[in-house]
Amino acid sequence: MSIMLKCYIAIILFFALVPEAESRQSKQDSTIFKALPLAYFTPETRIAAEGFAFYSFYAKESKRKSNLRMFVTYTQNKQYLLILPWQVYTSGDQYFLNGSIDYRKFPEYYYGLGNNTKETSRALYAFKALTFKSKSYKRLKKDTYIGLALQGQWLKPKFPEMELLFEDVLEENGREGYGYMGFGPAVMWDKRDHILSPSSGSFVEFSPLIGVGKSNHSAINFGLLSLDMRHYLALADNITWANQFLTQLSFGEVPFRTLPTLGGPFLHRGYYQGRFRDNHSAILQSEYRHHVIGRFGFVVFGSAGRVYKSLQEKLYKNIHLAAGGGLRVRISKKDRTNVRLDYSFTSDSRGFYIYFAEAF
C-alpha cells in the first residue's frame, strides 16, 4: 500500500473514530474548539506533518459563524509553514474581518511566465516569505459590505546561478527579493449560509488594490484587480452544486509571487501551485457536493482556466482543463466544516490533496 493511500485512510479513520474534542457550547450549541495532529499530501509539499487548531463561534446576535485557525507544518520537501487565517463577524454582523498571516520557508518550482509553459521546463529555487492579507468590512444593509483591503509581502529568494528560466524574474524583481504594501477598497455581497462549507446562497467580492514597494533592482508600483463570484445551489437537503468564477488583472511592476496564477489546492486542482503565471487570469470551477451519512460525503469537480499576458488575447483559446473527485469528512458532529480529500488530473499532471475546508 502506498504512503499516500495510508495517509488517506488514516485521516478518514481519525475523524470517524476519535471522540469529540472538548468544546465550549454556545446558545446555538455550536461553539467548537479543536486541536489536532494531521498528515496530508499535496504535489507542492509531498507528505506533510501538521499541527492544526480550529475555533468557531457565534458573536453576540450574529447569524453568521466566525472562525480562527492555525496551521504549523513541516513537509517532506523540507518546507516550513505557519499560517494564521481568520474570518470573524462581530456583534450583530456589523463588521466582517477576513485575513491571514502566512510565513513560509519553501523550496518551490518555477515554470516561467505564460499560458503555454511546459511541465518539463521548470527550475527549483528557495525563498522565505511573510505575507499579510486583510479585508475589513462594514455592513451597509443586509448582505452588502464595504471595506478596506490591505496586503503586504516580504520575500527573500535564493535563485540558482546561471538558470535562464529566472531571467524575467530577475529583470523585474532583482536577485535579493522585494517588499511591498498594497491597499484599496473592497465590496462584498454575501448570502452564503456557511463561510467554510456553503450549501446555498451566493457570494460576490470586488477588490482593486494599489501596491507600492521596493526591490534591490527598482521601485515597485502595481495594480491588482480581483473579481470573485460564487453560487451555491441546493439541489436537495444533502446535495449542493457549487460554482465559482474568478478573474484577476494586474498592471505595472508586479512582484512575481503576486502575479495571478493557476494551480494548487484552491484554484485548478491537479496543477502544481503556480504552474501557470502571468499578468491576468480567468478560471471557472464547478463542484457537485453530496453529504451521504454521518460525517461522510463525496464530491465531483471540474475546472477550466488560463492566464494571459495581454487583455487583447482571446480568453476561449488554449484553455487548461482539470477534473477529479474526493471524499469529505466533517471535523465535528456540531459543524459541517470538512476535511477534504481530493484527487484531480489534468493533461500533464496529477494532484492529491488533503486539506481543511472547501476549495471555494
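Residue positions are given per chain, counted from 1 along the sequence in the order it is written. Residue-level local features of this predicted model are given only where pLDDT is at least 70; pairs of side-chain atoms are given and counted only at 80 or more, and the full residue set underlies all totals for whole chains, interfaces and linings. Excluded from the side-chain calculations are hydrogens and water; all other atoms, namely the structure's heavy atoms, are used.

Colleague: Please explain the side chain of Ser344 as it appears in this structure.
Modeller: Helix and strand assignments come from DSSP, with helices taken as H or I runs of at least 4 residues and strands as E runs of at least 2, each series counted from the N terminus. Relative to the elements of secondary structure, Ser344 occurs in strand 17 (residues 335-346). On the accessibility criterion, Ser344 (0% relative accessible area) is buried. Polar contacts involving the side chain of Ser344 include one to the main-chain carbonyl oxygen of Ala323, which spans 3.1 Å. Residue contacts are counted whenever heavy atoms from the two residues lie within 4.5 Å of one another. Setting aside chain neighbours within four positions, we find Ser344 in contact with Arg269, Gly270, Phe301, Ala322, Ala323, Gly324, Arg350 and Gly351. A 1.4 Å probe rolled over the protein chains alone gives each residue an accessible area, and that area as a share of the maximum for its type sets the label: buried under 20%, exposed over 50%, partly exposed in between. For this analysis, a polar contact is any N or O atom pair within 3.5 Å, provided that within protein one partner can donate a hydrogen and the other can accept it, and provided that sequence-adjacent residues contribute only side-chain to side-chain pairs.

Colleague: For this particular structure, what's the right way to read the layout of surface pockets?
Modeller: In this approach a probe as big as a water molecule rolls over the atoms, and the regions it shows empty are the leftover space. Only protein atoms enter the 1 Å grid, on which a cavity is a set of points fitting a 1.4 Å probe that cannot get out and a pocket is an open set with protein on both sides within 12 Å along at least 5 of 7 lines, lining residues being those with an atom within 4 Å of a point. Grid points are joined across faces, edges and corners, and a volume is the space filled by probe spheres set on the points. What the largest pocket holds in volume is close to 300 Å³. Lining the largest pocket are 20 residues, with Ser199, Asn238, Thr240, His291 and Arg330 positioned closest to its centre. Looking at the lining of the largest pocket, the elements that each hand over two or more residues are strand 10 (219-236), strand 11 (239-252), strand 14 (280-293), strand 15 (296-308), strand 16 (320-332) and strand 17. Here the nonpolar group is Ala, Val, Leu, Ile, Met, Phe, Trp, Tyr, Cys and Pro; Asp, Glu, Lys and Arg are the charged ones; every other residue, Gly included, is treated as polar. When grouped by side-chain class, the residues that make up the lining of the largest pocket number 6 nonpolar, 8 polar and 6 charged.

Colleague: In this structure, what is going on with the packing of aromatic side chains? I would like to understand it.
Modeller: What characterises a pair of aromatic rings is the spacing of the ring centres plus the angle enclosed by the ring planes. Think of it this way: a Phe, Tyr or Trp ring, Trp meaning its six-membered ring, pairs with another when their centres are within 6.5 Å, and the plane angle makes it stacked under 30 degrees, edge-to-face over 60, tilted otherwise. For the coordinates displayed, the defined rule picks out 28 aromatic pairs. Aromatic side chains Tyr137 and Tyr145 sit 6.5 Å apart centroid to centroid with 75° between the ring planes, which places their arrangement in the edge-to-face category. Summarising the burial analysis for this pair, Tyr137 and Tyr145 share the class buried. Taking the centre distance of 5.0 Å and the plane angle of 50° together, the rings of Phe159 and Phe166 count as tilted. Taking relative accessible area as the criterion, Phe166 reaches 1% and is therefore assigned buried. One aromatic cluster in this structure is built from Phe106, Tyr110, Tyr125, Phe127, Phe159, Phe166, Tyr178, Tyr180, Phe222 and Phe256.

Colleague: It is not clear to me how the side chain of Asn67 should be interpreted in this structure. Could you clarify?
Modeller: Along the polypeptide, Asn67 turns up in strand 3 (residues 66-75). There is a polar contact of 2.8 Å between the side chain of Asn67 and the side chain of Arg69. Residues within four places of Asn67 in sequence aside, it is in contact with Phe54, Tyr55, Ser56, Phe57, Trp86, Gln87, Val88 and Leu196.

Colleague: How should the pairing of strand 15 be read in this particular structure?
Modeller: Here, a strand pair is defined by DSSP locating no fewer than two bridges between the strands. Relative to strand 15, strand 14 runs antiparallel, the two sharing 13 bridges. Of the residues in strand 15, the one forming a bridge with Ser281 is Val307. Counted between consecutive antiparallel strands, the loop separating strand 14 from strand 15 contains 2 residues, among which Gly294 sits at a positive phi close to 55°. Here 10 bridges tie strand 15 to strand 16, and the two strands are oriented antiparallel to one another. What sits directly across from Val299, in strand 16, is Gly326.

Colleague: Please clarify how the pattern of salt bridges should be interpreted in this entry.
Modeller: It is possible for side chains of opposite charge to pair when their charged atoms get near one another. Salt bridge, as applied in this entry: a Lys or Arg side-chain nitrogen positioned within 4 Å of an Asp or Glu carboxyl oxygen. All told, the structure shown has 23 salt bridges when counted by the stated rule. A salt bridge links Arg257 to Glu108, with the nearest nitrogen and oxygen atoms 3.2 Å apart. Separated by 149 residues along the polypeptide, Arg257 in the loop between strand 11 and strand 12 (261-262) and Glu108 in strand 5 (residues 95-110) bring together distant segments of the chain. Beyond isolated ion pairs, a larger network of salt bridges with shared partners links Arg269, Glu287, Arg289, Arg328, Arg340, Asp342 and Glu358.

Colleague: How should I be thinking about empty space enclosed by the protein in this particular structure?
Modeller: All chains considered together, the criterion is met by 2 cavities of 30 Å³ or more. In this structure, the second largest cavity occupies an estimated 30 Å³ of space. As for the second largest cavity, its lining consists of Glu44, Arg104, Phe106, Glu108, Arg257 and Gln273. Its residues assigned to classes, the lining of the second largest cavity shows 1 nonpolar, 1 polar and 4 charged.

Colleague: Looking at this model, I keep getting lost on the environment of Ala59. Mind explaining?
Modeller: Looking at the secondary structure, you find Ala59 in the loop between strand 2 (46-57) and strand 3. In this view, Ala59 contacts Tyr89, Thr90 and Ser91; residues no more than four positions away in its chain are not counted.

Colleague: Is there a simple way to think about the pairing of strand 4 (residues 80-89) in this case?
Modeller: Along any regular strand, the residues point their side chains to alternate faces of the sheet. Burial runs high along strand 4: 7 of the 10 residues are buried. Bridging between strand 3 and strand 4 involves 6 bridges; their strand directions are antiparallel. Considered in strand 4, the bridge of Val72 is made with Leu82. Here strand 3 hands over to strand 4 after 4 residues, with Lys78 in that stretch at a positive phi of 60°. With antiparallel pairing between neighbouring strands as the criterion, strand 4 and strand 5 make up a hairpin whose turn holds 5 residues, including Gly92 at a positive phi of roughly 70°.

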